[in-house]
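Single-letter residue listing:
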Amino acid sequence: MTIVGEIPTLPAVVTGFVRHARSIPIRHAFRHRVYQWLVDLDDLPRLPWYLRPLGGFDVRDHLGGDGPTIKAGVRRYLAEQGIEYDGRIVMLANARVLGHVFDPITVFWCVDSPYVVAEVHNTYGERHAYLLTPDAEGTAETAKKFYVSPFNDVSGDYQLRFELDRSRVRVQVSLSRGHHRVFGASFDGVPRPATRRAVLAAAVRMPLMPQRVSALIRMHGVWLWARRLPVLKRSPTLRGRVARLIVSRVLNRVPVRTVFPDGTVRGQGEPVLRIVRPDSLYERLAQNPKIGLGEAYTAGDWEPGEETDLGELLTPFAERLTKLVPRPLVRFRTLVDQRVPDRLRNTPDGARSNISAHYDLSNALFAAFLDPGMSYSSAMFESPDDLLEDAQTRKIEHILDLAGVRRGSRVLEIGIGWGTLAIAAARRGARVTGITLSREQLTLARERVADAGLSDRVDLRLQDYRAVTGSYDAIVSVEMIEAVGEEFWPEYFGTLDRLLAPGGSVALQAILMDHNRMLATRNSYSWIQKYIFPGGLIPSRTAIDETLAHHTALAVQADLRFGPDYAETLRRWRRQFIANWPAVRAQGFDETFRRTWEFYLAYSEAGFASGYLDVGQLLLRRSDPRPESGRTPAGRSA
C-alpha cells in the first residue's frame, strides 16, 4: 500500500534527504538535505504575508497549468485516462520560493482510490504525468516516456515505490534497461506540521530550496560531462534522421492519411494515423524498428485518428511489410536488430519463466476478454454472425475429430489453457492427461474439471512436455508450439513421436508464417518477445516438415488453414478488452498495460488480416500416404 496508517497532519513540511546513484556507464552518487511540502489539494496552505515568499503554490506549476485549481488539473488528467475521481488528493511537491519553483517529481496520492499520479519535470521547462497503480508494497512500474536527462534517452522502464504515513514520506525511482539498472533516486523525509516556526526554520536551514535543486542538478550534470559521459542531444541523431526519411518513404507507399502535430496532412482517405511526437517516434524506430513501433504507441508518440480502428490502421502496413523498406537498406538491418537474449531460451527453467510471464498475469484478466469457455486461440467461424463461444467450440470439436478422440482414447494435451479442450475430450469418454507450466491456469482448470464432474477422467499436471512418460492414442496441442523455440523443435517433435502409441494421431493447431520470413527474423528480438510472449517463435510449415523428417517418423497428413478466422477472433477479443477495461484496471493494471495489450491484439489481428500470418490445424501420423489436398466443405484450404 502507498498509504500506511494515518496521513500526517496537513499541511506538513517534510525534511529529509534526496539520494541519487548512477550505475552505468559511470558510477556517481550523491546525497543532499532538502525539504518538501505535503499538502491537501482541498486545503492549500496560505501563509502570513511575511512568510508568503517562502512557500506558495500556483496552478501553473502542475498538470497543464490552465485549470482553476491544482486539484481540477489532476481530476482532468484522471478523466483523460478514463477515471472519474473527486476524492481527497494529497500532493508532495516543492513550493515556490521568491516566485521560483523546480520540482523533479511531484506526487499526487488519490487517497480513496488505488491511483498515484507522478508528474516528472525536466530542466527544459517540460513535464509529463504517469498514472500508476502501486501494488500492496507500494510499487509500480511503467515504461519511460519523457526526456529528462541529457545523459539518457527515453528508453527503459521505471520502477517507483511510494510510502506515506504519519511518521515517514518516501518516494523511490529507478530506471532499468533490460537487466541493467541505470540509476536510482529517492526522497526520504519526516513530516511535521507546517507551523510558522517550522516553515521559517526550514527556510533558514535550507534557503532558496527550489533554486538549490536546479543548481545542484546542473552541477552534477557538469561533473558527469567532465567525466566524458556521452551527452544524448535532443536534436535528432543521425539514426533518427535516417529513420525519418524511411518513415517518409513508407508513408508514400501505404494508403493511410497521416496527420502531424503542426497540422500537415499526408495522404488521403482512411484510415488516419496521427503522429503526436515525431522526433520521439523516429528515435525509437532508429534504435530498433521491431521494438520501437510498439513502444512508441505505448508511450503515446502515435495513435489512430478519430474514428479510426487501430487494427484497421495497422493492416495496410502489414500487407506491405516486406516491401516497405528499400531493399538496399534491408542489408543494414543487423545494425539495429537485437539478438534474442539467452535468458529467453526455452530450457525447462526458461520455459517455465517465459510461460509464467504471460499466462500467470491473472485469470481474471483473461476472463475479461475471452469467451465463457476461456479459449485463448483462434476460433473457427462459419459465418460472421457466429457467437465467439460457438466458434471456439467448433474449433475444439474439429481438432478432437482430427486426432480421432473417442470413448476409451488415451489423450495427452500439451498446454491445457484453462481446461476447455480436456473437458470436451473427457465428455467424449476419453481419459485425458493434460500438462501446463502455468500455475494460474492449472488452478482454474482443475476447478473447472471438478465442476464438470470429470475429475475421474482428467489428470491435469504442472509439467514440462519433456518430462511426460507413457503412451497415448491421441496427442493434441493448441497453439503451444509457438512457445517451444527453434532450438527445441527436434526435442519437442521427438517427444511427440516417443509418446504416440502405434496407430495414434497428433493434432496440432499452430500459428504459421512464410518460411523465408521466419528465417529472416528468427534470431532478432521483437516487441512481442519483449512485452508479450518471451521466448516465442512462430514456425513455418516448411520448418515443421524438415524437423519431422530429420528427427521423427512422423509426417503431416492434413493441413487445414483458417487465418482470416484468427483476425476475427482477435478483433472480438480486443473489443471485449476495451469494453471491460474498467474491470481489468480494478485488478491493478495501469494505462501502460492497457496500451501495450491493445497494441498486441491489434498488431496480431493485422498480421492475420493481411495474410502475413496464418493458422492451421495439422494432423501428424507415422504412416506416410500422400498428404490430403483440395478444399474443405467450408471453403478453407487443406
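Up top is the structure.
Within any chain, residue numbers begin from 1 and follow the written order of that chain's sequence. Whole-chain, interface and lining totals are the exception, using all residues; otherwise, since this is a predicted model, local features are given only for residues with pLDDT of at least 70 and side-chain atom pairs are given and counted only at 80 or more. No hydrogens and no water enter the side-chain calculation; it runs on all heavy atoms of the structure.

A.B. asks: Could you clarify how one ought to interpret the packing of aromatic side chains in this entry?
C.D. replies: The geometry of two aromatic rings is summed up by the distance between their centres and the angle between their planes. In summary, the pairing rule links any two rings of Phe, Tyr or Trp, Trp by its six-membered ring, whose centres are within 6.5 Å, and it sorts them by plane angle into stacked for under 30 degrees, edge-to-face for over 60 and tilted for everything else. For the structure on display, the rule yields 34 aromatic pairs. Between Tyr359 and Phe366, the aromatic rings sit 6.4 Å apart at their centres with planes inclined by 15°, giving stacked as the arrangement. Here the term buried applies to any residue with accessible area under 20% of the maximum for its type, exposed to any over 50%, and partly exposed to those in between, with areas from a 1.4 Å probe on protein chains only. Judged by its relative accessible area of 16%, Tyr359 falls in the buried class. Note on Phe366: relative accessible area 0%, which makes it buried. Summarising the aromatic geometry, the rings of Phe366 and Trp418 are spaced 5.0 Å apart at their centres and angled 50° between planes, so their arrangement reads as tilted. Highlighted residues: Phe366 in helix H10 (residues 363-367) and Trp418 in the loop between strand E15 (410-414) and helix H12 (420-427), separated in sequence by 52 residues. Lying across the ring of Phe17, Arg31 places its NZ or CZ 3.9 Å from the centre. The lysine or arginine in question, Arg595, covers the ring of Tyr297, its NZ or CZ lying 4.3 Å from the ring centre. Per the convention used, a helix needs a DSSP run of H or I reaching at least four residues, while a strand needs a run of E reaching at least two, with both numbered from the N terminus. For a lysine, the NZ atom is tested; for an arginine, the CZ atom; a charge sits over a ring if that atom is within 6 Å of the ring centre and within 35 degrees of the ring normal.

A.B. asks: It is not clear to me how the side chain of Gln509 should be interpreted in this structure. Could you clarify?
C.D. replies: Summarising the element assignment, Gln509 is placed in strand E19 (residues 500-513). In terms of polar contacts, Gln509 uses its side chain to reach the backbone carbonyl oxygen of Ser378, at 3.3 Å. Contacts described as polar in this section are N or O atom pairs within 3.5 Å, which, within protein, must combine one atom able to donate a hydrogen with one able to accept it, while residues neighboring in sequence count only if both atoms come from side chains.

A.B. asks: Teacher, can you tell me more about the sheet that holds strand E21 (residues 613-621) here?
C.D. replies: Strand pairing within a sheet occurs via backbone hydrogen bonds; the two strands may be parallel or antiparallel. Here seven strands make up an open sheet; going across it, the order is E17-E16-E15-E18-E19-E21-E20 and the pairing mixed. For this open sheet the edge positions go to strand E17 (458-462) and strand E20 (555-561), each flanked by a neighbour on one side alone. When strand polarity is set aside, the average angle formed by the axes of neighbouring strands in this sheet is 20°. Pairing of E15 with strand E18 (residues 472-478), which is carried by three bridges, proceeds in the parallel orientation. Looking at the pairing, Leu412 lines up with Ile475 of E18. Working rule for contacts: check all heavy atoms of both residues, and any pair within 4.5 Å makes them a contact. Inter-axis angles, ranging from 0 to 180 degrees, are taken between N-to-C directions of lines fitted to C-alpha atoms, where helices are fitted over the stretch in contact. Set on the sheet, helix H13 (residues 439-451) makes contact with strand E16 (431-436) and E17; between it and E17 the angle comes to about 165°. DSSP calls a pair of strands paired once it identifies at least 2 bridges connecting them.

A.B. asks: Would you explain unusual backbone geometry in this entry?
C.D. replies: Peptide bonds are mostly trans, and most non-glycine residues show a negative phi. A cis amide bond links Leu10 to the next residue, Pro11, at an omega of 0°. Tracing the backbone shows Pro11 in the segment before strand E1 (12-22). Even without being glycine, Leu98 reaches a positive phi, approximately 55°. Within the secondary structure, Leu98 sits in the loop between strand E3 (89-93) and strand E4 (105-110). Even without glycine at this site, Leu208 takes up a positive phi of about 50°. Summarising the element assignment, Leu208 is placed in the loop between helix H2 (196-205) and helix H3 (209-226).

A.B. asks: For this particular structure, what's the right way to read the sheet that holds strand E14 (residues 302-304)?
C.D. replies: An order of E12-E11-E13-E14 is seen for the four strands of this open sheet, with the pairing classed as mixed. With one partner strand each, in any of the chains shown, strand E12 (265-266) and E14 form the two edges of the open sheet. Two strands pair when backbone bridges link them, and strand E13 (residues 272-275) and E14 are joined in this way by three bridges, in the antiparallel orientation. Across the sheet, the residue bridging to Leu273 is Pro304, located in E14.

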